[in-house]
Amino acid sequence: MLKSWKLKEVVLMSLFAVVFGIIYLLFLHVGNIWASLIGPIAYEWIFGIWFIVSIIVMAILRKPGAAVIPETMAAAIEVMLGNAVGPRLILAGVIQGLGAEAVFAATRYRHFNVGIYMLAGAGAAVFSFVYGYLLGGFAALSTEYVLLMFVIRVMSGAIIAGIGGKYLVDALLATGSLRGYAITKRDAHA
């Protein structure tokens with residue numbers, strides 16, 4: 001998969017993975033504080049942050065693997081920095097990245113706009129929710145509560161990862177720092 005990648009693309013992806021691995025760990029603590037106030041549903045409101053690197057890197061590089069690889073790397077970095085979930089979190093990163101990657105693959109990596117980014121964030125949310133349902137004991141909760149968790153997570157993925165990712169990429173693009181990457185090619189904006 002990485003054979004066709006340029007060194008600068010691998011470096012950029014790795015840089016984003018490190019930065020967001022740190023941010024992901026910080027948001028775990030934000031979620032813990034909020035959950036102490038309103039319960040475990042608190043995480044659902046901010047879950048989109050844990051999908052955002054897949055949207056950002058894909059928006060910039062526009063290549064197969066540009067969603068799943070940085071998401072997996074960010075999860076691994078989060079584990080190395082001390083997330084107590086441990087290696088199981090790396091699998092969660094793979095699953096989240098695959099959810100976003102599936103949306104871009106469905107477009108054959110040809111469409112990059114806010115609607116696709118929102119769908120990719122929602123895709124990551126759906127994939128991660130299924131994984132969480134199977135491992136997280138959601139079955140013990142009422143159907144209504146689980147459905148509410150699902151809806152909030154999907155909305156969070158679409159808004160925080162999709163719209164937020166688009167906003168961050170546009171801000172980076174405006175600085176000129178992304179010259180030479182696929183995002184700057186005129187035919188790649190469709």
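Whatever comes next refers back to the structure up there.
Being a predicted model, the structure only gives us computed values, none of them experimental.

1. Here's the deal with the overall build of the protein
Secondary structure summary: the protein contains seven helices and zero strands in total. Counting from the amino terminus, helix and strand elements in the protein follow one another as α-α-α-α-α-α-α. In terms of C-alpha radius of gyration, the protein reaches 16 Å, essentially the compact-globule figure of 16 Å for 190 residues. With respect to the three principal axes, the spread of C-alpha positions in the protein is 50 × 30 × 30 Å. Among the 190 residues that make up the protein, the fraction classed as buried is 49%. Contacts in the protein between residues at least 24 apart in sequence constitute 71% of all its contacts with a sequence separation of at least 6.

2. Examining the packing of aromatic side chains
Taken as a whole, this structure holds nine aromatic pairs when the rule is applied. Summarising the aromatic geometry, the rings of F20 and Y24 are spaced 6.2 Å apart at their centres and angled 55° between planes, so their arrangement reads as tilted. You can see F20 and its partner Y24 sitting in helix α1 (residues 7–38), four residues apart, about one turn around the helix. Take F20: its relative accessible area is 6%, and that puts it in the buried class. Cluster of aromatic residues (ring-pair linked, three or more members): F129, Y133, F138 and F150. Over the face of the ring belonging to Y181 we find K8, whose NZ or CZ atom lies 4.8 Å from the ring centre. Its guanidinium or amino end placed over the ring of F47, R153 lies 3.6 Å from that ring's centre, counting from NZ or CZ.

3. Topic: the nonpolar core
Soluble globular proteins tend to bury their nonpolar side chains together. If you look at the biggest cluster of nonpolar residues, it comprises 39 residues, and the most contacted ones within it are F16, I60, L61 and F104. Secondary structure elements with two or more residues in this core: α1, α3 (52–61), α4 (68–80), α5 (88–106), α6 (114–135) and α7 (143–175). At nine residues, α3 tops the list of elements feeding residues into this core. In this structure, L61 is in contact with W5, E9, L12, M13, A66, Y181 and A182, ignoring residues within four places of it in sequence.

4. A look at the packing of α3 against α4
Running from N to C, α3 and α4 cross one another at 140°; their axes reach a closest spacing of 8 Å. Taken together, the axes of α3 and α4 lie oblique to each other. The handedness of the crossing between α3 and α4 comes out as right-handed. Within the contact between the two elements, α3 uses I52, V53, S54 and V57 and α4 uses P70, E71 and A74.

5. Details of the environment of L168
Mapped onto the elements of the fold, L168 is located in helix α7. Residues L168 and G21 lie 147 residues apart in sequence; the distance between their C-alpha atoms is 16 Å.

6. Re the environment of F27
Here F27 shows up in helix α1. Apart from residues no more than four positions distant in its own chain, F27 is found in contact with I46, I49 and W50.

Calculation criteria
- Residues numbered from 1 in each chain as written.
- Predicted model: local features only at pLDDT ≥ 70, side-chain atom pairs only at ≥ 80, totals over all residues.
- Heavy atoms only, no water.
- Helix = DSSP H or I, 4+ residues; strand = E, 2+ residues; numbered from the N terminus.
- Rg over C-alpha atoms; globule rule 2.2 N^0.38 Å.
- Buried < 20%, exposed > 50% of the residue type's maximum accessible area, 1.4 Å probe, protein only.
- Contact = heavy atoms within 4.5 Å.
- Phe/Tyr/Trp six-rings, centres within 6.5 Å; stacked < 30°, edge-to-face > 60°.
- Lys NZ or Arg CZ within 6 Å of the ring centre and 35° of its normal.
- Core = buried A, V, L, I, M, F, W, Y, C linked by side-chain atoms within 4.5 Å.
- Axes fitted to C-alpha atoms, helices over the stretch in contact; angles between N-to-C directions.
- Parallel < 35°, antiparallel > 145°, perpendicular 65-115°, else oblique.
- Left-handed = near helix turned anticlockwise from the far one by under 90°.

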